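Single-letter residue listing:
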Number of protein chains: 2
Amino acid sequence: MDKTAKADEVSKNIFYGYAEAVTKAIPSYIEDTGSGTELGKAVEYCLTAPGKRIRPALTLAFCDIFGVDCGLAMPYAVALEMIHTYSLVHDDMPCMDDDDLRRGRPTCHKVFGEANALLCGDALLNRAFEIVFEAAVRDGRCGAAAGRELARLAGTEGMLGGQALDIANENTEAGPDVLLETYRLKTSALLECAAAVAVELARENGRYFNSSEEEFENAAAATVSFTRNLGLAFQIKDDLLDITGDPGTLGKPVGSDERDSKRTYVAAVGAEKAARDMESYTEKAVEAAAVFGERGRILRWLAAELLDRKH
Amino acid sequence: MDKTAKADEVSKNIFYGYAEAVTKAIPSYIEDTGSGTELGKAVEYCLTAPGKRIRPALTLAFCDIFGVDCGLAMPYAVALEMIHTYSLVHDDMPCMDDDDLRRGRPTCHKVFGEANALLCGDALLNRAFEIVFEAAVRDGRCGAAAGRELARLAGTEGMLGGQALDIANENTEAGPDVLLETYRLKTSALLECAAAVAVELARENGRYFNSSEEEFENAAAATVSFTRNLGLAFQIKDDLLDITGDPGTLGKPVGSDERDSKRTYVAAVGAEKAARDMESYTEKAVEAAAVFGERGRILRWLAAELLDRKH
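The text that follows walks through the structure, step by step, so that each part is easy to find. Values in this document were obtained by computation on a predicted structure and should not be read as measured data.

Let us now look at the overall build of chain A. Within chain A, the secondary structure is distributed over 14 helices and 2 strands. Taken over the C-alpha trace, chain A has a radius of gyration of 19 Å; the compact-globule value for 311 residues is 19 Å, and the two agree within 12%. For chain A, the C-alpha atoms occupy an extent of roughly 50 × 50 × 40 Å along the three principal directions. Of the contacts made within chain A by residues no fewer than 6 positions apart, 77% connect residues no fewer than 24 positions apart.

Laid out in structure tokens, this is it:
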């Protein structure tokens, strides 16, 4: 195994280790979430489904890069996964994408009914912020700032804004720019969240190994560029996988999760240009990660991994 | 006008003043919430509907009692109103209560469609916590603690737990105890929230006029007793108004907001006993407020006002 392949193997194992740590931590964060009730069962069902945990694992990866203790960041990482999961539960509902399968299992509303699925999504979002407030009571201002970034990027300036644009784009001939903006909001925003949590926590814990103010802000800006470009590549890859008939499981459902009426970048510019753009966004992400030097190798591995995935 | 009537008039005007101040503050908190998009319009539509603003006004009333600056508390009060509003938007959806009217106007999903209504509720909940995180960055630990209480009481230990019980009780012969527990969660919890915000902020700002630790904790406990009993009386009154054909507008829709299948306390124990119990819960609330002496007069007025309301 050559040196690069060895480094990639290490990065991969660390990233999967983070993902596994998040999966193991999750049950302790939902112990009191209406256990025994249908709602409690729905919350558990959705959160314990086999997911890749990319967003929370990326949060811990960024914490490592910025010198923030991963244990300190765990509640924020779990909250981010809960926010991602709630968005999937609501997205799957009949009034949205009307999907029957998610992560290889029947969707929440198929198992627990629509009313409980609606409340389940609400409960996941609510519990995510409850966990962060609890952490912020312990961590002080930087915890509240991390929570503010989570809420901002999950909200109308981020993910929810993207979902709203998705609805608006339906059955339209939306151009590439509108679609890229939609992707930036609905997909990149929660990846940006992963970085933002680490950056905010770093302001009072570790602070990027006592770098200068300027170095710190440059590093923070690089996380935004990295995650935005990574999200665009990630979403275009999803679209390409959808048309090549190998639907995704990487935070995506087994079986198509897109309404046929949903307008995609691939439909707008063609598969060939879309594939070139996907590579170009991946390159930009990798370039942005250069500022972290050796510490950024896990980011470079992730960008390549998401580009090469087969599902 | 006798002395009591005069004091009640003052309390009433102060309470309505708080409600009006909240109504005037709301637009500044949703300026950037997807303005121009259908989602942004939906959020504005729901939040600017004529509501009585009982929960945020009660928050400010408790702040006054505990010596917390109302200006400091405003973001938390607005967040509480947003949480209440999101719960109404989702409750009204076809998979829940399937209501056409709310606060005298067509419900959100009737105007903007189900997909946007779903996202609108999500956006209101998300924005509520975003506002509180922003405030907590300013206010520090007590702000995060106020947020934690908001999330706890809006979650499965509170309002969402009550909504889940509501679904579970449907088409059952649920007994009085189960129904009262449901009411405590779905109605009392957000009133308790109003008090909890003031109590947590008071720990670092005003602290109940520098009372002793014991006095402070007694006062905090009294707020829980007051709001729990007030909520039970409030919800039973709603049920009674539903059967006397004078449906509510006090945070309730014009037109019935209950599915016919919804099990109520009035159905379980009869209107006569329900009316007696309602008065008894009101009395208990008033007794709990006694600990505040003269400062508690606005609470006594509110308890009487909610008992006597005609809609």
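Screw-axis analysis of chain A against chain B gives a translation of 0.0 Å along the axis, an RMSD of 0.0 Å, and a rotation angle of 180 degrees. Look at the turn and shift together and you get a two-fold axis relating the two. By C-alpha distance to the rotation axis, the residue of chain A lying nearest is Gly 140 of chain A, at 3.0 Å. Looking at chain A, 100% of its interface residues are interface residues in chain B too, so the copies touch through the same face.

What follows deals with unusual backbone geometry. Glycine aside, residues mostly have negative phi angles, and peptide bonds mostly take the trans form. Even without glycine at this site, Asp 98 of chain A takes up a positive phi of about 55 degrees. Checked against the element boundaries, Asp 98 of chain A lands in the loop between helix 4 (70-92) and strand 1 (101-102). In the Ramachandran plot, Arg 53 of chain B falls in the positive-phi region, its phi being about 55 degrees despite a non-glycine side chain. By the secondary structure assignment, Arg 53 of chain B is in the loop between helix 2 (38-47) and helix 3 (54-66). With 25 C-beta atoms packed within 10 Å, Arg 53 of chain B lands in the buried category.

Attention shifts here to the environment of Lys 24 of chain A. With respect to the helices and strands, the residue Lys 24 of chain A is situated in helix 1 (residues 3-29). Sequence separation between Lys 24 of chain A and Thr 48 of chain A is 24 residues, and the spatial gap between their C-alpha atoms is 9.5 Å.

About the thresholds
Residues numbered from 1 in each chain as written. Chains lettered and ligands numbered in written order. Predicted model: local features only at pLDDT ≥ 70, side-chain atom pairs only at ≥ 80, totals over all residues. Helix = DSSP H or I, 4+ residues; strand = E, 2+ residues; numbered from the N terminus. Rg over C-alpha atoms; globule rule 2.2 N^0.38 Å. Contact = placed C-beta atoms within 7 Å. Least-squares fit on C-alpha atoms with pLDDT ≥ 70 in both. Buried ≥ 20, exposed ≤ 12 C-beta atoms within 10 Å, placed from the backbone.

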